[in-house]
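Geometric and topological summary
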Amino acid sequence: MKNTIITIFFIAGFISPVLADVYTEKQAVDAVINNSPAISAAQKRHTAAQASSHASWWIKNPMFEVEFMGIDGRTLSLAGTGSKNVSISQEIPFPFKMPYRIGATNENVAAAGYKLESVRREVAVSAHSVYASLYRTIREIEITKQSSDILKQVSRAAAARYGRDSGAGEDASKADLEYALLINRVQELEQEKGIKIEALKSMSSGGFTIAPDSDITAPQIPVMALSEEEVTKAALENSPELLAAAAEMKMNENIRNASFMEYIPDVTVRFTKQAEPDMGDYSLMFGFEVPLWFPATQQSMIGSAGDEYDAAAKEYEQMKNNTILEVKQLYQSVLTHARTMKLYSEILIPQAEAALQAQIASYKTRRTDFMRVLDSERMLLEMKRDYYMHMEEYVGKYYELGAMTEAG
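All values derive from a computational prediction rather than experimental measurement.

Once that is clear, we can look at the side chain of Asn 254. The topology assignment puts Asn 254 in helix α7 (residues 240-260). For Asn 254, a relative accessible area of 16% corresponds to the buried category. A polar atom in the side chain of Asn 254 sits 2.9 Å from the backbone oxygen of Lys 250. Ignoring anything within four residues of it in the chain, the contact list for Asn 254 reads Pro 99, Tyr 100, Gly 103, Ala 104 and Glu 107.

If you want it as structure tokens, here you go:
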């Protein structure tokens, strides 16, 4: 893999022009993460869940009441009331309900936190992928220009033979036509490059902007050092989506358990004091709700909470199975792209370059025809394009896998 990385920089080095500004992958990814509206929204939801959790630790506010008795029906004046009572009441929940209520809100906070981490990782993966795609487009522009320069050389060689070789004029025309097609392809790639630059700008809310004539460094090519079993185990332990699903399952479990406690009513305590005239007396009242209609209220609530928990448990199990399958697919894809990159950079591209130079030399000495040169040039260009496409895919798949497996 070290040889592969060296080859990447070698290929990019001799075909890259020296530009004024060069941007790095870290600059792009950091700008996207720091300015992403999606991450900001997830942070707000996490903060809202924390606030809700704090509220679950407290009972309801007390109720303060003032009762005016004996109001004159003709004037509705409060001044002439016969007496005035002041009372304060407090609803006290059954103690065993509180741990489940608190547990449910705490798990909601945990789920929101895992979702925040999931969004952060998804945004980072998108930034890495778009950056790698932009790098591939820039390099493809350069290798296409390089191929057009080679065709210029062949066209000049054919023109030099014009008049001495009956097919030289036809060869020059073919070279010029192929050259025109490559220049048209360069123009298409320039438009594609502009779109990807705008994509990074949009993702970072304007925090990362590249000038059209600027260059970017090659994306990092991390080495996959873990086995498939180790990666799968890490994903089951660290995937934020899976952890969020587990937290939601536990939240629904607490809600279900709390629903059973609704059979036990809360207690309301009321203290009342006669203020005018002050008799020095007071009254204390205790009340509670009678679950008379429990088949239509408590029983239905228990059934609903139980179904929600069962659904969350099934969703967690399905997500767990999907995670295992996705990890296997991504892992094999990463290995495949890594092997293909190595094959292209170490064997196929060097051989194709040597074959093209040999064909050009043979054409200049009239030992081969133009179509062999053209075929060699096309093959080399396609191999280089394929190499950068596999590199782009490798980067995207590797970071997708990392988003599922890295510890938070």
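Further notes follow.
Evaluated as defined, the whole model comprises seven aromatic pairs. Each ring, one from Tyr 23 and one from Phe 208, has its centre 5.7 Å from the other, and the planes form 80°; the classification is edge-to-face. Within this pair, whereas Tyr 23 is found in strand β1 (residues 22-23), its partner Phe 208 is found in the loop between α5 (168-203) and β4 (215-216), the two being separated by 185 residues in sequence. Both residues of the pair, Tyr 23 and Phe 208, belong to the buried class. Arranged with centres 5.2 Å apart and planes meeting at 75°, the rings of Tyr 387 and Tyr 388 form a pair that is edge-to-face. The structure contains a cluster of three or more aromatic residues connected by ring pairs, namely Tyr 135, Tyr 387 and Tyr 388.

A word on helix α6 (residues 228-238). Those residues of α6 that fall on the buried side of the exposure criterion are Glu 228, Val 231, Thr 232, Ala 234, Ala 235 and Asn 238. Buried positions in α6, seen along its axis, are confined to an arc of 165° and lie on one side of it. Residues Glu 229 and Lys 233 are exposed on α6 and point more than 90 degrees away from its buried face.

Now for unusual backbone geometry. Positive phi outside glycine occurs at Ser 205, with the angle close to 55°. Structurally, Ser 205 can be placed in the loop between α5 and β4. Take Ser 205: its relative accessible area is 46%, and that puts it in the partly exposed class.

Rules of the game
- Residues numbered from 1 in each chain as written.
- Predicted model: local features only at pLDDT ≥ 70, side-chain atom pairs only at ≥ 80, totals over all residues.
- Heavy atoms only, no water.
- Helix = DSSP H or I, 4+ residues; strand = E, 2+ residues; numbered from the N terminus.
- Buried < 20%, exposed > 50% of the residue type's maximum accessible area, 1.4 Å probe, protein only.
- Polar contact = N/O pair within 3.5 Å; in protein donor to acceptor, adjacent residues only side chain to side chain.
- Contact = heavy atoms within 4.5 Å.
- Phe/Tyr/Trp six-rings, centres within 6.5 Å; stacked < 30°, edge-to-face > 60°.
- Arc of directions from axis to C-beta.

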